[in-house]
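Each chain is listed here by its residues.
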Amino acid sequence: MEDTQIPLYHCNYESVTSELMKGKLVISQCPNDEIWGGNGMYFWDNLGNANYWSTQKHGVTKIVRCVVSFNFDDDILDLTDYDVESRYAKLISLTDKVIKNKPIGKKIDYICNLINSKIIRFFGEYEQTPQTDLINDTNVPNRLTNKVKVIYCIKNNNLTMSDFKEC
């Protein structure tokens, strides 16, 4: 039973976003996925981050917003939750050396296959993100940062996606 709905944003070239507008995932072919969330299609949790990603790509891009529905207890591997991360770190430590020595994306793919996870959520650190005086007030110490981004990686087409629109 789907109990969670979240709006997500994907930025890419028109060849990819046109497929997403039809409800089809286009699994990333980027070699860097193995140091991120592994195989899947990557989404941002807000439009500002998708706009930023647009500036990082070479060529004309489009941004698609969609609503993803899933069962929070069964479908997501939430690596923003320390307890979840710890449980799977222990699992990986008990596996054979082959998976233990792989990059994080390969470990995530292994875990997702093992537990049949359809979507993962994790933090990405973007040190180059500029800050405004609202957050980066040098006169007052604070613990806030906008340099950490929430990223979702949808692993397969077995999730309900709806309300597609170009931004």
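What counts and how
Residues numbered from 1 in each chain as written. Predicted model: local features only at pLDDT ≥ 70, side-chain atom pairs only at ≥ 80, totals over all residues. Heavy atoms only, no water. Core = buried A, V, L, I, M, F, W, Y, C linked by side-chain atoms within 4.5 Å. Buried < 20%, exposed > 50% of the residue type's maximum accessible area, 1.4 Å probe, protein only. Helix = DSSP H or I, 4+ residues; strand = E, 2+ residues; numbered from the N terminus. 1 Å grid on protein atoms, 1.4 Å probe; cavity = no way out; pocket = protein on both sides within 12 Å on 5 of 7 lines; lining within 4 Å. Points joined across faces, edges and corners; volume = space filled by probe spheres on them. Nonpolar A, V, L, I, M, F, W, Y, C, P; charged D, E, K, R; others polar. Axes fitted to C-alpha atoms, helices over the stretch in contact; angles between N-to-C directions. Parallel < 35°, antiparallel > 145°, perpendicular 65-115°, else oblique. Contact = heavy atoms within 4.5 Å. Expected span 1.5 Å × (residues − 1). Arc of directions from axis to C-beta.

Q: What's the story with the nonpolar core in this structure? I'm lost.
A: The nonpolar side chains of soluble globular proteins are, as a tendency, buried together. Membership of the largest hydrophobic core comes to 20 residues, with the highest contact counts inside it found for Trp 44, Ala 50, Leu 77, Ile 108, Ile 120, Phe 122 and Ile 151. Sorting the residues of this core by element identifies β1 (4–12), β2 (41–44), α4 (82–94), α6 (104–115), β5 (119–125) and β6 (148–154) as the ones contributing at least two each. With 18 residues, the next largest nonpolar core counts Val 16, Leu 25, Val 68 and Ile 119 among its residues.

Q: Just checking my understanding: could you explain the layout of surface pockets for this structure?
A: In this approach the atoms are scanned with a rolling probe the size of a water molecule, which exposes any empty space left behind. Put simply, the largest pocket is a space of about 530 Å³. Along its surface, the largest pocket is lined by 19 residues, and Ser 28, Cys 30, Asp 33, Tyr 42 and Trp 53 are the ones closest to its centre. Counting only elements with at least two residues in the lining of the largest pocket, the list comes to β1 and β2. Classifying every residue of the lining of the largest pocket by side-chain character gives 12 nonpolar, 5 polar and 2 charged. Empty space within the second largest pocket amounts to approximately 170 Å³. Elements supplying a minimum of two residues to the lining of the second largest pocket: α4 and α6. Residues belonging to the lining of the second largest pocket are distributed by class as follows: 7 nonpolar, no polar and 2 charged.

Q: When you look at the packing of α4 against α6 in this model, what are you seeing that I'm missing?
A: To characterise two packed helices, one gives the angle between the axes of the helices and the distance between these axes. In the contact formed by α4 and α6, the axes pass within 11 Å of each other and the chain directions differ by 100°. Relative to α6, the element α4 lies roughly perpendicular. Mapping the contact onto sequence places Tyr 88, Leu 91 and Ile 92 in α4 and Lys 107, Tyr 110, Ile 111, Leu 114 and Ile 115 in α6. Here the residues of the contact of α4 with α6 sort into 7 nonpolar, no polar and 1 charged.

Q: Would you mind going over unusual backbone geometry with me for this structure?
A: Peptide bonds are, in most cases, trans, and in most cases residues other than glycine have a negative phi. Located in the positive-phi region is Asn 116, a residue other than glycine, with phi close to 60°. By the secondary structure assignment, Asn 116 is in the loop between α6 and β5. Of note, the phi angle at Asp 163 is positive, near 55°, even though the residue is not glycine. Look at Asp 163 and you get exposed, because its relative accessible area is 54%.

Q: Explanation requested: α6 in the structure shown.
A: Each turn of an α-helix holds 3.6 residues, which means side chains three or four residues apart point in the same direction. Spanning 12 residues, α6 covers 16 Å between terminal C-alpha atoms, matching the ideal 16 Å at 1.5 Å per step. Those residues of α6 that fall on the buried side of the exposure criterion are Gly 105, Ile 108, Asp 109, Ile 111 and Cys 112. One face of α6 carries all of its buried residues, which in axial projection span an arc of 165°. Against β4 (76–78), α4 and β5 lie the buried residues of α6. Of the residues trailing α6, Asn 116 is marked for its positive phi of about 60°.

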